[in-house]
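A look at the structure
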Amino acid sequence: PVARILERVDELAAGLAALPFTDIHAQETDFPDRPLRFVVGFPPGGPNDLLARIVAPGIGERLKRSVVVENRAGANGEIAAASVAKAPTDGSVFMLGSNGSTTVAAALNRNLPYDVRTDFAAVAPVGINPMLLVVRNDLPAKDVTELLALARAQPGKLNGASAGAGGATHLALELFKALGKVDIVHVPYKGGGPAMADLMAGLVDVYFGGLSTALPHVKAGKMRALGQTSTTRSAAAPDIPTIAEAGLPGYEVVAWFGLMAPANLPADVHKKLSDTLMAVLAKPEVREKIAGAGVDPDPQDAAALARTIDVEIKRWAQWVKDAGIQPE
């Protein structure tokens, strides 16, 4: 009767008290309810900016947030990277990272205001963009083997342009010189546009330009392409051999692009952003646009991008040491 009922209530209460506590109001961390900032470290119109604007709408659609592409150009992307490293860690700010401001800058031991390995969270790769080894039209070298022979026969006579000392186009040239054991004089420019303009004018002999920007000039007959810097031929240029297969085994330099955010993102926000980008890159229309920009889509997860960054920091550091490159 009543005593037994009260005893039973006490037993039930004791059983409930022994259960693990669960907050029924707990829920996943969500992105801030305001426009998200997608930072690009280069001016509008370049490959970084173009890629960001291709994937931004899909990210916004899946996260149900507006995504604003914000260009913060300067110092080869380092100004933008420094700002993102200090941004809120709530998922409201992320950037399109690439070699220049991350692995290349770290390898050159510059006094960076950030540490690539500890101040950023790798979210997911976006794509890979090989460079093209291009030469002036009247250079008497029709392929990589002939260019190496020409450079060896005339040490210090050929010159190679770059988009800036210490950048990826410079290091691509230095690696070519180191592996090929040739002496080509480095001529740094303030950007890839002026470098290619002088190549087309015949004022410099060699340049390593991004495939997406150099290929249109090759197709227009304004310069000649001797090889791609990746280990496999890009789908955008299947008829151009890689430098490794064309006469310089072991050569590989590619520009990679990946989504990066400030370190210490909440785990669920980090995963959701990574899953979102991979879903966007899986869309055929998005992949087609990225390929049309001369970039090979690379829909992998956060761990893949983290591995790329770790491997490249070590690889670039070794190349910089072997080539004797000093920060300028």
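One structure accompanies this document, and this report is about it. Please read these numbers as outputs of a predicted model, since none were measured by experiment.

Although it is not a glycine, Lys181 sits at a positive phi angle of roughly 55 degrees. With respect to the helices, strands and loops of the structure, Lys181 is situated in the loop between helix 6 (168-180) and strand 6 (185-188). A positive phi angle is found at Asn264, which is not glycine, with a value near 70 degrees. Tracing the backbone shows Asn264 in the loop between strand 9 (254-262) and helix 9 (267-281).

Membership of the largest hydrophobic core comes to 32 residues, with the highest contact counts inside it found for Leu133, Leu147, Phe176, Phe208 and Tyr251. Elements with a minimum of two residues in this core: helix 4 (100-107), strand 4 (120-135), helix 5 (144-153), helix 6, strand 7 (206-210) and helix 11 (302-323). Apart from residues lying up to four places away in sequence, Tyr251 is in contact with Ala172, Leu175, Phe176, Leu179, Phe208, Thr229, Ile243 and Ala244. Formed by 30 residues, the second largest nonpolar core is a distinct cluster that contains Val40, Leu265, Leu281 and Ile290.

Our next topic: the pairing of strand 1 (residues 36-40). Most of strand 1 is tucked away: four of the five residues are buried. Here strand 1 runs beside strand 2 (residues 67-71); their pairing, made up of five bridges, is parallel. Bridge pairing links Val39 to Glu70 in strand 2. On the question of chirality, the crossover connecting strand 1 to the parallel strand 2 by way of helix 2 (residues 47-63) is right-handed. With three bridges connecting them, strand 1 and strand 3 (residues 93-98) associate as parallel partners. The partner of Arg37 across the bridge, within strand 3, is Val93.

A separate point is the packing of aromatic side chains. Considering all chains together, one arrives at five aromatic pairs under this definition. Here the aromatic rings of Phe38 and Phe94 are separated by 5.1 Å at their centres, their planes lie at 55 degrees, and the arrangement is tilted. A residue pair is termed long-range when its members are at least 10 positions apart, and Phe38 in strand 1 and Phe94 in strand 3 qualify at 56 residues. Assessed through its relative accessible area of 0%, Phe38 is described here as buried. Ring geometry for Phe176 against Tyr251: centres 6.2 Å apart, planes inclined by 75 degrees, an arrangement best described as edge-to-face. Of this pair, Phe176 sits in helix 6 while Tyr251 is found in the loop between strand 8 (224-228) and strand 9, placing the two residues 75 residues apart along the sequence. For Phe176, a relative accessible area of 1% corresponds to the buried category.

Glancing now at the pairing of strand 6. Looking at chain direction, strand 5 (residues 159-162) and strand 6 are connected through four bridges and run parallel. Following the sheet pairing, Asn159 is matched in strand 6 by Val185. A crossover links strand 5 with its parallel partner strand 6, the connecting element being helix 6, and its sense is right-handed.

For side chains of opposite charge, pairing can occur when their charged atoms come near one another. For the structure on display, the rule yields 15 salt bridges. In this structure, Glu174 and Lys177 form a salt bridge, with 3.3 Å as the shortest nitrogen-oxygen distance. Taken together, the residues Glu174 and Lys177, both in helix 6 and three residues apart, mark about one turn of the helix. When its relative accessible area of 15% is taken as the criterion, Lys177 is described as buried. We note a salt bridge from Lys314 to Asp310, for which the minimum N-O separation is 3.3 Å. Residue Lys314 and its partner Asp310 are located together in helix 11, separated by four residues, close to a single helical turn. Overall, the relative accessible area of 35% leaves Asp310 in the partly exposed class.

Inspection of the secondary structure assignment puts Ser92 in the loop between helix 3 (78-85) and strand 3. Here the side chain of Ser92 touches Arg34 through a polar contact of 3.4 Å, side chain to side chain. Within the local environment of Ser92, its side chain forms a polar contact with the side chain of Asp90, the two groups lying 2.6 Å apart. Ignoring sequence-local partners within four residues, the contact set of Ser92 consists of Pro32, Arg34, Leu36 and Arg37.

Now for the packing of helix 2 against helix 10 (residues 284-292). The N-to-C vectors of helix 2 and helix 10 enclose an angle of 175 degrees; their axes lie 10 Å apart at closest approach. For the element pair helix 2 / helix 10, the angle class is roughly antiparallel. Between helix 2, through Leu51, Ile54 and Val55, and helix 10, the contact on the second element is made entirely by Val286, Lys289 and Ile290. Per-class residue counts for the contact of helix 2 with helix 10 are five nonpolar, no polar and one charged.

With respect to the secondary-structure elements, Phe257 resides in strand 9. Among the residues examined, Phe257 registers a relative accessible area of 3% and is labelled buried. The sequence separation of Phe257 and Pro125 amounts to 132 residues, and the corresponding C-alpha distance is 6.2 Å. Sequence-distant contacts of Phe257, defined by excluding residues within four places in its chain, comprise Pro47, Asn48, Leu51, Leu96, Gly97, Ser98, Pro125, Val126, Gly127, Asn129 and Val295.

Parameters and conventions
- Residues numbered from 1 in each chain as written.
- Predicted model: local features only at pLDDT ≥ 70, side-chain atom pairs only at ≥ 80, totals over all residues.
- Heavy atoms only, no water.
- Helix = DSSP H or I, 4+ residues; strand = E, 2+ residues; numbered from the N terminus.
- Core = buried A, V, L, I, M, F, W, Y, C linked by side-chain atoms within 4.5 Å.
- Buried < 20%, exposed > 50% of the residue type's maximum accessible area, 1.4 Å probe, protein only.
- Contact = heavy atoms within 4.5 Å.
- Pairing = 2+ DSSP bridges.
- Right-handed = clockwise from strand over helix to strand, strands pointing away.
- Phe/Tyr/Trp six-rings, centres within 6.5 Å; stacked < 30°, edge-to-face > 60°.
- Salt bridge = Lys/Arg side-chain N within 4 Å of Asp/Glu carboxyl O.
- Polar contact = N/O pair within 3.5 Å; in protein donor to acceptor, adjacent residues only side chain to side chain.
- Axes fitted to C-alpha atoms, helices over the stretch in contact; angles between N-to-C directions.
- Parallel < 35°, antiparallel > 145°, perpendicular 65-115°, else oblique.
- Nonpolar A, V, L, I, M, F, W, Y, C, P; charged D, E, K, R; others polar.

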